[in-house]
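Structural description and commentary
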Amino acid sequence: MIINLNNSWEYYEKFDERHLKNSRDVGENVRLPHTFKVLDANYANPKLYQRDSIYVKKIEFDELWNEKRVFLNIEGAAHYSKVYLNGEFLNEHSCGYTYYKTEITNGLVKGENILAIRVDSTERHDIPPFGGTVDYLAYSGLYREVSLEIKNKSYIEDVYIHTEGKKVTADTVIENDNEGYVLNYKLLDNNQITDLGSKLNSKECDVVFWDVDNPKLYTLIVSLYNKESLIDQKKIRFGFRDIRFEKDGFYINGKKLKLRGLNRHQSYPYIGYAMPKSGQVSDADLLKNDLGLNCVRTSHYPQSKHFIERCDEIGLLVFTEMPGWQHIGDKDWQRISIENVKDMVLQYRNHPSIMLWGVRINESKDLDSFYKKTNDVARELDPYRQTGGVRCYENGHLLEDVYTFNDFLYDGKNDGVRSRKKVTGSAEVPYMVTEYNGHMFPCKPFDSEEKLLEHALRHARVLNDIAMHNDIAGGFGWCMSDYQTHVDFGGDDIICYHGVTDMFRNLKPAGYVYKSQSNREPVMEIMPSMNLGENSASILGKVYAFTNTDYIELFINNRLINRFYPDTKHYSALLHPPIEIDDIIGDKLDDEKYKGSTKKSIKKLLLKYSREGLSSFTIKDKLEALKLMVFNGMKSSEFTRLYETYIGNWGGKRPVFKFVGYINDKEAITVIKGAYESKHLEAEVDHMDLIDGETYDIATVKLRMLNQNNQVMRYYQEPIEIETEGPIEIVGPNLISLKGGMGGTYVKTVGETGKAKLIFKIHGTEDVILEFAVKHN
């Protein structure tokens, strides 16, 4: 029996031993997940949450607990925690990222019991990931759920499920086993139950494989009986699948799959790590369903069970790793790290989405004595999965099964990635790129269109180069979302703008590079805005479409200009290469007197100037222009007239650009770019039926200010007021501004049910009202 303990905790900012027993002080009433301090989205100060605090909850003894064993389950406490019951110390845990349990049976008394959890969120040098600089904030609090588990004196401690083909084996550990006890295994598929008997060892089953495209899940019901009396039962969800990294790539169920993913931090604006199930599910859905990825790396620590469970459900493969960032501490620090690996593997080894264990501190130096132990622990507890260890240097000592490498080679001009042989020194080692881009080209959502486009093209180039190497299993881009960090990293506002989405998960143009590689729905993102005023000297700049369409037709003021196809020359390995829109003149020069090669030369020079400016002209280009002037009598004023007429005129009426994408020769998607006329706020909500029960629920609201053509207004930054009605409250400020025309907010339930409204008030346009239904589960 599970009893959730997420509601009605008393929180005290400063630990005091008086609170271990029935103190007269009244703390702040909080619900879990909880963070010590709600932070600003920009210029967040980690000193505000680094404190030693305590949570206290009164528990009434239930007579049903007589002759039972009672355990306290803590899913995540950042970062060092101690458990007390009625003033007595029971247990401690030195990791903020792994689950742990504490038996409280012997400390319970009849009547009222005082449960206290002391949580120290300071960056202590004696526990991972701390001791050196860390490129992310680690936040605070009891930021995951807490529960009680009531068991008989004998119970099922653990079940380890592993499959080979369609055969399943379960290794079951019974606490206080007796000779007369018998196990029974049943396989549940929807409502169909198959009895597998009392022992489960390589049992052949009539099942469907779990795969990224068809993530079929089953439930193993494990029951412990004393004769015919049921003593305990566990239900474990799992999948049948075979995965393996080989020297020529990654295989799932015997089929080769190129891995395409992003790194994810589990942090959010304002609340840090303290996000309940709904937000974790939303992130997994973003990665798989919106960005079209097949894998994710949980950088740089194990993440919420809700996130991993959702990855199981939707077919998103996971590379999860031990907590840490570059620094390796002393022997005691290393001992804690080894324990972290053990906890990580035990917690997640039954999940089919887990494809690789990370058993090295991210980007740390070789330390064979330490890493032999981390590999040994993972292999002993789960011999059916491989290990990896993320490095940022070539030819490191390989104790793991897969050489995983952060490749920050690409600077915009060179090859996107190194070869496996150069990095590993071997042609036989399984190899994967675990980070790329990131700090090599930070990009804010409110940067210039030129920089946003270059950011997207860099991701496309590295994706393409990874796809070209048959011996590279795949890659994880850095990273999913912008994130708060320490002052040693990031921009002036202490944010690492490395994401393909902003902190609220709105897609930057680079996000559409990934989204366009999926065929889930038609995609077409055009960059830039087609506004001459964005660049110097009325230069339009390069124009690209990130799309999964077969081709695009461009119309200017309803006149067909040209048809454009994917750039297979520069992006030959991508499923859907970007399309460069390199002609905005078409046949319009037919209206002029110029004919033949003269017209062709004029068009070529005008388009080159519009894309790259006069400084890009080569000697050949200049000679071609001189030839037009000498042999055709063209003056510079004529070039100017033609440019203003057919490319654009500073101060002239802005044309309307219509891009139509076709799939199988049918119109699939249309994008229109033109002068601003009106605006409206788009508010996208991940779910509007909120469930308040085991804990509060949070809805993620992504905001974008759009013009009449539904294009993001990247420089809109006026204030937006947020109000609520009914049983919800805003997380964070109620007065915000968008950044890059995008932003967001969160609303949470408050323990009551009913109808609720979230209202956005914007100057110059209509209010936006979202209606929610809040229910109990």
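Structural notes, computed from the coordinates.

Conventions and cut-offs
- Residues numbered from 1 in each chain as written.
- Predicted model: local features only at pLDDT ≥ 70, side-chain atom pairs only at ≥ 80, totals over all residues.
- Heavy atoms only, no water.
- Axes fitted to C-alpha atoms, helices over the stretch in contact; angles between N-to-C directions.
- Helix = DSSP H or I, 4+ residues; strand = E, 2+ residues; numbered from the N terminus.
- Parallel < 35°, antiparallel > 145°, perpendicular 65-115°, else oblique.
- Left-handed = near helix turned anticlockwise from the far one by under 90°.
- Contact = heavy atoms within 4.5 Å.
- Nonpolar A, V, L, I, M, F, W, Y, C, P; charged D, E, K, R; others polar.
- Pairing = 2+ DSSP bridges.

Moving on to the packing of helix α8 (residues 596-612) against helix α10 (residues 636-646). At a minimum axis separation of 11 Å, α8 and α10 run at an interaxial angle of 70°. Relative to α10, α8 is oriented roughly perpendicular. α8 and α10 meet at a crossing whose hand is right-handed. Residues Ile602, Leu606, Tyr609 and Ser610 of α8 form the contact with α10, whose own contacting residues are Phe639, Leu642 and Tyr643. Here the residues of the contact of α8 with α10 are counted per class, giving six nonpolar, one polar and no charged.

Let us now look at the sheet that holds strand β31 (residues 524-527). Taken in spatial order, the three strands of this open sheet run β31-β32-β35, and their pairing is antiparallel. What marks the edges here is a single partner per strand, and that holds for β31 and β35 (579-580). In this structure, β31 lies alongside strand β32 (residues 544-547), joined through four bridges in antiparallel fashion. When the bridges of β32 are listed, Ile526 appears paired with Ala545. Its contacts with the sheet place helix α6 (residues 449-468) against β31 and β32, and it is angled at close to 45° to β32.

What follows covers the packing of helix α3 (residues 331-348) against helix α4 (residues 368-381). Packing of α3 against α4 leaves a shortest axis separation of 9 Å and a crossing angle of 20°. Relative to α4, the element α3 is oriented roughly parallel. Handedness of the crossing formed by α3 with α4: right-handed. Where α3 approaches α4, its residues Lys331, Gln334, Ser337, Ile338, Val341, Lys342, Val345 and Leu346 are matched on the opposing element by Ser369, Phe370, Lys373, Thr374, Val377, Ala378 and Leu381. Grouping the amino acids of the contact of α3 with α4 by side-chain chemistry returns eight nonpolar, four polar and three charged.

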